[in-house]
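# Descriptive structure summary
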Amino acid sequence: MNSDWGNKLIKLVNEKKPSHFLEIGVFCGVTSRNICEFLNLIHRGNFTYTGIDLFGDDNGDNNEKKPTYIKHQKFSNPLKHIYYNLIMKENLNSLSSVRKFLKDFEDKVSLHKGNSNEVLKNLDMQKIDFAFIDGGHSYQTTLNDLEIVYENMKDKKGTIVCDDYQDASYITDVKKAIDYYVKKEKLSLRIIEGKFAVIDI
Ligand SMILES: C[S@@+](CC[C@H](N)C(=O)[O-])C[C@H]1O[C@@H](n2cnc3c(N)ncnc32)[C@H](O)[C@@H]1O
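Figured I'd write up the structure that's included with this text.

Thresholds, definitions, all that
Sequence order as written defines residue numbering, which begins from 1 separately in each chain. The predicted nature of this model means local features are confined to residues of pLDDT at least 70 and side-chain atom pairs, given and counted, to a pLDDT of 80 or more, with totals for whole chains, interfaces and linings taken over all residues. Hydrogens and water molecules were not included; the side-chain quantities draw on all heavy atoms of the structure. Numbering goes from the N terminus for both helices and strands, where a helix is a DSSP run of H or I of at least four residues and a strand is a run of E of at least two. The criterion used for residue contact is that any of the two residues' heavy atoms lie within 4.5 Å. Surface accessibility follows the Shrake-Rupley procedure with a 1.4 Å probe radius. Residue values consider only the protein chains on display as shielding. Only rings of Phe, Tyr and Trp enter the pairing, Trp through its six-membered ring, and a pair is recorded when the two centres are within 6.5 Å. The plane angle decides the type: under 30 degrees is stacked, over 60 is edge-to-face, the rest tilted. Buried, partly exposed and exposed residues are distinguished by accessible area as a fraction of the type maximum, computed with a 1.4 Å probe on protein chains only: under 20%, between the cut-offs, and over 50%, respectively. Whether a charge lies above a ring is judged from NZ of Lys or CZ of Arg, which has to be within 6 Å of the ring centre and within 35 degrees of the ring normal. Neighbouring residues are identified by heavy atoms, a residue being near a molecule or strand if any of them is within 4 Å of it. Polar contact is defined as a pair of N or O atoms within 3.5 Å, subject to the rule that within protein one atom must be able to donate a hydrogen and the other to accept it, and that residues adjacent in sequence are counted only when both atoms are side-chain atoms. When residue character is reported, Ala, Val, Leu, Ile, Met, Phe, Trp, Tyr, Cys and Pro are called nonpolar, Asp, Glu, Lys and Arg charged, and the others, Gly included, polar. Should DSSP find at least two bridges between two strands, the strands are taken to pair. For helices, the fitted line uses only the C-alpha atoms of the stretch in contact; every axis is such a line through C-alpha atoms, and the angle between N-to-C directions lies from 0 to 180 degrees. Here a cavity is any set of points on a 1 Å grid over the protein atoms alone where a 1.4 Å probe fits but cannot get out, and a pocket is any open set with protein on both sides within 12 Å along at least 5 of 7 lines; a residue lines the site when it has an atom within 4 Å of a point. Grid points are joined across faces, edges and corners, and a volume is the space filled by probe spheres set on the points. A carboxyl oxygen of Asp or Glu within 4 Å of a side-chain nitrogen of Lys or Arg is what we treat as a salt bridge.

The subject of this paragraph is the overall build of the protein chain. Counting its secondary structure elements, the protein chain contains eight helices and seven strands. Across the protein chain, contacts joining residues at least 24 apart in sequence account for 74% of those joining residues at least 6 apart. For the protein chain, the accessible surface area stands at approximately 11,100 Å², while carbon and sulfur atoms represent 48% of it.

Next comes the structure, spelled out in structure tokens:
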């Protein structure tokens, strides 16, 4: 996510001031680190961050159409390309790399490697009060993620934000899945600049 969108997400987080953040789709951990830094600041260390990602463990039945920047670890900054892809040969979307990147917050952070369709079934989500859904962008995965997160959050106050509502609709059915679920459960939906779909609970 570029820094403009990152700032817009932080603005939303600031509106809600959640203490227990869930991100589905961590990628290289950039949003994760911004969120941790922000929550650390506003809650003086009293927060948790939970992240789920395949972390490269794509067994092929995931059926996602991946943007090429994920497939080829493309950076807009050419120096990053040289450093990470050619010198370090480091896969930034790996559990070890993201752990290292979030080291400052290691006692607040829990990272889960696997398919969200499976991981979420066994995850303790009791405390989660803000969920950012940005993992698999197929219709089925978006729907599954949204459904299980909402079911776990619906009895308390909280916020669900799905990324790429319309923004990446050329590769996804995110919008279709969200529209279907919101209608089915009669939820209120607020769209921010065609990208963030916000469900306030
Ligand atoms: C668009 S990126 C996430 C970007 C990240 N939220 C950010 O703001 O930087 C999507 C990530 O979701 C992960 N992903 C895709 N399908 C998934 C699934 N079914 N379960 C868990 N993670 C998945 C991919 O590995 C990828 O890292």
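Now that the structure is up, let's keep going.
Summed over all chains, the structure comprises six aromatic pairs. Measuring from ring centre to ring centre gives 5.6 Å for Trp5 and Phe196, while their planes differ by 85°; the resulting arrangement is edge-to-face. Taken together, the positions of Trp5 in helix α1 (residues 3–16) and Phe196 in strand β7 (residues 196–200) put the pair 191 residues apart, joining distant regions of the chain. Per residue, the accessibility class of Trp5 equals that of Phe196, and both read buried. Taking 5.1 Å as the distance between ring centres and 10° as the angle between the ring planes, the aromatic pair formed by Phe21 and Phe130 counts as stacked. With Phe21 in strand β1 (residues 20–24) and Phe130 in strand β4 (residues 130–133), this pair connects stretches of sequence that are 109 residues apart. No difference in accessibility class separates Phe21 from Phe130, as the two residues are buried. Put simply, the rings of Trp5, Phe132 and Phe196 touch in pairs and so form one group of aromatic residues. The lysine or arginine in question, Lys8, covers the ring of Trp5, its NZ or CZ lying 4.7 Å from the ring centre. The aromatic ring of Phe101 is capped on one face by Arg33, whose charged end is 3.9 Å from the ring centroid.

Taken together, 20 residues lie around the ligand, and Glu23, Gly25, Thr31, Asp53 and Asp134 are the ones closest in. Side-chain polar atom of Glu23 to a nitrogen atom of the ligand: 2.8 Å apart, as the coordinates give it. Within the backbone of Leu54, one N or O atom sits 3.3 Å away from a nitrogen atom of the ligand. Taken by itself the ligand offers 610 Å² of open surface, and the protein chains cover 95% of this. Tallied by class, the residues present in the shell around the ligand amount to seven nonpolar, 10 polar and three charged.

Okay, the sheet that holds strand β2 (residues 48–53) next. An order of β3-β2-β1-β4-β5-β7-β6 is seen for the seven strands of this open sheet, with the pairing classed as mixed. Unpaired on one side and paired on the other, β3 (109–113) and β6 (189–192) mark the two borders of the sheet. Direction aside, neighbouring strands of the sheet carry axes that sit 15° apart on average. With four bridges joining them, β1 and β4 adopt parallel strand pairing.

This part covers empty space enclosed by the protein. As enumerated under the stated definition, the model contains one cavity of 30 Å³ or more in all. Ile133, Asp134, Gly135, Gly136, His137, Thr142, Cys162, Asp163 and Val174 together form the lining of the largest cavity. Its residues assigned to classes, the lining of the largest cavity comprises three nonpolar, four polar and two charged.

Summed over all chains, the structure comprises 15 salt bridges. A salt bridge links Glu193 to Lys8; its shortest N-O distance comes to 3.0 Å. Remark: Lys8 occurs in helix α1 and Glu193 occurs in the loop between β6 and β7; sequence separation between them is 185 residues. Given a relative accessible area of 55%, Glu193 falls into the exposed group. For Lys184, the salt bridge is made with Glu185, and the minimal N-O distance between the two is 3.2 Å. Using a relative accessible area of 26% as the deciding quantity, one classes Glu185 as partly exposed. A cluster of three or more residues bridged by salt bridges with shared partners is formed by Glu15, Lys16, Arg190 and Asp200.

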